[in-house]
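Here is how the chains run, residue by residue.
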Amino acid sequence: MALEISEDFDPLLPEQFESANDDYARLRRDCPVAHSNAWNGFWALTRYDDVKRAASDPNFITSKQNVIPRVAFTGRRPPLHLDPPDHTPYRAALNPLLSRERAERLAPVTRDFARGLLAPLVARGGGDICWEFSSYLPVQVFGAWMNIPDKWVETLHEAGRAFNLAVQSAVDDVMRETSLRLYDMARDLISIRRAEPMDPEWDPTSALLTARHNGEPLPDEMIVGTVRQVLVVGMVAPMVMVGSICAHLCKDQALQTQLRANPDLLPAAIEEFLRLYTPYRGFARTAKCPVEIRGRSIPADEPIALIYASANRDDDVFPDGSSFILNRPNIDEHLAFGRGPHNCPGLHVGRMQLRVAIEEILAATNGFELAGEIVPTRFPEIGALSVPLRFT
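Here's a quick rundown of the structure. (Residues numbered from 1 in each chain as written. Predicted model: local features only at pLDDT ≥ 70, side-chain atom pairs only at ≥ 80, totals over all residues. Heavy atoms only, no water.)

1. Looking at the packing of aromatic side chains
Consideration 1: Inspection of every chain in the model, using the stated rule, returns 10 aromatic pairs.
Consideration 2: Judged by centre distance (5.7 Å) and plane angle (90°), the rings of Phe 9 and Phe 42 are edge-to-face. Separated by 33 residues along the polypeptide, Phe 9 in the segment before helix 1 (19-30) and Phe 42 in strand 2 (residues 42-45) bring together distant segments of the chain. The residues Phe 9 and Phe 42 share a single accessibility class, namely buried.
Consideration 3: Between Phe 42 and Phe 379, the ring centres sit 6.0 Å apart and the planes meet at 65°, which makes this aromatic pair edge-to-face. Linking Phe 42 in strand 2 with Phe 379 in the loop between strand 12 (375-376) and strand 13 (384-386), this pair joins segments that are 337 residues apart in sequence.
Consideration 4: By way of ring pairs, the aromatic residues Phe 9, Trp 39, Phe 42 and Phe 379 are connected into one cluster.
Consideration 5: Positioned over the ring face of Tyr 277 is Arg 313, at 5.6 Å from the centre of the ring. (Phe/Tyr/Trp six-rings, centres within 6.5 Å; stacked < 30°, edge-to-face > 60°. Helix = DSSP H or I, 4+ residues; strand = E, 2+ residues; numbered from the N terminus. Buried < 20%, exposed > 50% of the residue type's maximum accessible area, 1.4 Å probe, protein only. Lys NZ or Arg CZ within 6 Å of the ring centre and 35° of its normal.)

2. Some points on the packing of helix 12 (residues 236-251) against helix 13 (residues 253-261)
Consideration 1: It is at 5 Å that the axes of helix 12 and helix 13 come closest, and there the two elements cross at 110°. As the angle between them shows, helix 12 and helix 13 are arranged roughly perpendicular. The segment helix 12 lies against helix 13, with His 248, Leu 249, Cys 250 and Lys 251 engaging Gln 253, Leu 255, Gln 256 and Leu 259.
Consideration 2: Of the residues belonging to the contact of helix 12 with helix 13, the class tally is four nonpolar, three polar and one charged. (Axes fitted to C-alpha atoms, helices over the stretch in contact; angles between N-to-C directions. Parallel < 35°, antiparallel > 145°, perpendicular 65-115°, else oblique. Contact = heavy atoms within 4.5 Å. Nonpolar A, V, L, I, M, F, W, Y, C, P; charged D, E, K, R; others polar.)

3. Details of unusual backbone geometry
Consideration 1: With an omega of 5°, the peptide bond between Pro 84 and Pro 85 qualifies as cis.
Consideration 2: Note on placement: Pro 85 falls in the loop between strand 3 (60-61) and helix 3 (88-94).
Consideration 3: Here Phe 379 and Pro 380 are connected by a cis peptide whose omega angle stands at 5°.
Consideration 4: Locating Pro 380 in the fold gives a position in the loop between strand 12 and strand 13.
Consideration 5: For Asn 214, which is not glycine, the phi dihedral falls at a positive 55°.

4. Regarding the environment of Gly 321
Consideration 1: The residue Gly 321 is located in the loop between helix 15 (308-311) and helix 16 (347-364) in this model.
Consideration 2: Note on Gly 321: relative accessible area 0%, which makes it buried.
Consideration 3: For the pair Gly 321 and Met 185, spaced 136 residues apart in the sequence, the C-alpha separation amounts to 41 Å.

5. Observations regarding the packing of helix 12 against helix 16
Consideration 1: Closest axis-to-axis distance for the helix 12/helix 16 pair is 11 Å, and the angle between their directions is 40°. Taken together, the axis directions place helix 12 and helix 16 in an arrangement best described as oblique. When the axes of helix 12 and helix 16 are compared, the crossing they make is right-handed. Across the interface between the two elements, Pro 238, Met 241, Val 242, Ile 245, Cys 246 and Leu 249 from helix 12 touch Gln 353, Leu 354, Ala 357, Ile 358, Ile 361 and Leu 362 from helix 16. (Left-handed = near helix turned anticlockwise from the far one by under 90°.)

6. A short note on the nonpolar core
Consideration 1: In this structure, Ile 129, Phe 133, Val 227, Val 242, Phe 273, Ile 361 and Phe 368 are the most contacted members of the largest nonpolar core, which totals 109 residues.
Consideration 2: If near-sequence neighbours (up to four positions away) are discounted, Ile 361 is found in contact with Leu 118, Ile 129, Phe 133, Val 242, Cys 246 and Phe 368.
Consideration 3: Of all hydrophobic cores here, the second largest spans 16 residues; its members include Leu 27, Cys 31, Ala 34 and Ala 44. (Core = buried A, V, L, I, M, F, W, Y, C linked by side-chain atoms within 4.5 Å.)

7. Things to note about the sheet that holds strand 4 (residues 126-128)
In a beta sheet, neighbouring strands are held together by backbone hydrogen bonds and run either parallel or antiparallel to one another.
Consideration 1: An order of 4-14-11 is seen for the three strands of this open sheet, with the pairing classed as antiparallel. Pairing within the sheet leaves two strands with one partner each, and these edge strands are strand 4 and strand 11 (368-370). The mean inter-strand angle of the sheet, taken between neighbouring strand axes irrespective of direction, is 25°.
Consideration 2: Bridge count for strand 11 against strand 14 (residues 388-391) is three bridges, and the pairing is antiparallel. If you follow Phe 368 over to strand 14, its bridge partner there is Phe 391. (Pairing = 2+ DSSP bridges.)

8. Quick look at the environment of Tyr 136
Consideration 1: Mapping Tyr 136 onto the fold places it in the loop between helix 6 (130-134) and helix 7 (137-146).
Consideration 2: The partly exposed category is assigned to Tyr 136, whose relative accessible area is 24%.
Consideration 3: Remark: the alpha-carbon pair of Tyr 136 and Leu 156, spanning 20 residues in sequence, is separated by 9.8 Å.
Consideration 4: What Tyr 136 contacts, discounting residues up to four positions off in sequence, is Leu 117, Trp 131, Glu 154, His 157 and Arg 161.

9. Overview of the side chain of Arg 102
Consideration 1: Mapped onto the elements, Arg 102 comes out in helix 4 (residues 100-105).
Consideration 2: From its side chain, Arg 102 meets the backbone oxygen of Glu 201 in a polar contact 2.5 Å long.
Consideration 3: Setting aside anything within four residues of it in sequence, one finds Arg 102 in contact with Pro 96, Leu 97, Glu 201 and Trp 202. (Polar contact = N/O pair within 3.5 Å; in protein donor to acceptor, adjacent residues only side chain to side chain.)

Functional significance is not addressed by these values, which are geometric in nature.
Encoded structure:
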């Protein structure tokens, strides 16, 4: 590898809330296929067309590395860690439980959770909307969706948060240790479902246990890996998205007032927020063979990050891409939930959570503003990890 390409960008540099997006704008303009030596070296695609192609092309696979930095030290976790057709039976078991109809059935309990979490913040006149609200809400929602015992929710919250912070620290031993805690929870939940089966049409673990592929049950360790993956996969993105949305609404008080007065605008606003503050930047593919993209040669078997957050601000696809524009005519083309065989299966639950969360935050307040410094998250996510608010 030529030495000079190591300086395209450095994801380990200190960041502020919007600084990574500024750097991606530079890369889209000057170096759309970039290389970094961080985490043993990887490539990064920053333009919309390249990211969309790599996400959908079967010549770009996930089975060798699916996220940057690499975090899978403790076993393969379908469906994310497998490629078609191997991943298909796991998606087939889970997808029906993640439909739009199922997501909307969770909306009332999501609203109850949101109101309960907001009540102490309202009573105090503010708080950290990430650490005190949006880090808890997705855990409670996924706990309800997975039918986990109520007493597990706080443990899952702590374990999931510890794993996410370990990933951001990129310390291998800590990532492995925190991941193993989640594997223990997955095995315990599977044991409960084997002893006390539930309707597989309503319970994800039971659906995996009763699934058949070519007439055979799914392998036990793969079921464990899938449950382990599902336990945390929906936690981090909603947390940083709610934080990023609230940070944006603090600086755009007119939009905050508009959405509070017109909650019917929220579904469209959520789509634009998803485009503008896409919460992931490190999902990865590996080229099966050498590939040339925009004049740069990428050898086979090297990890390639698909920078969704950058692609969704590409001005060639989304004019004035760094600005919030309600009701963009092509908003359905955004890549916040990915593309291709590994698009996010929980997109309906994710949209519902964001809609309900922002509805309830706006309804519970007459206004809010920043009460301190925004702390950004790091690879593989992008967005707000901490947003202290003052309710006005």
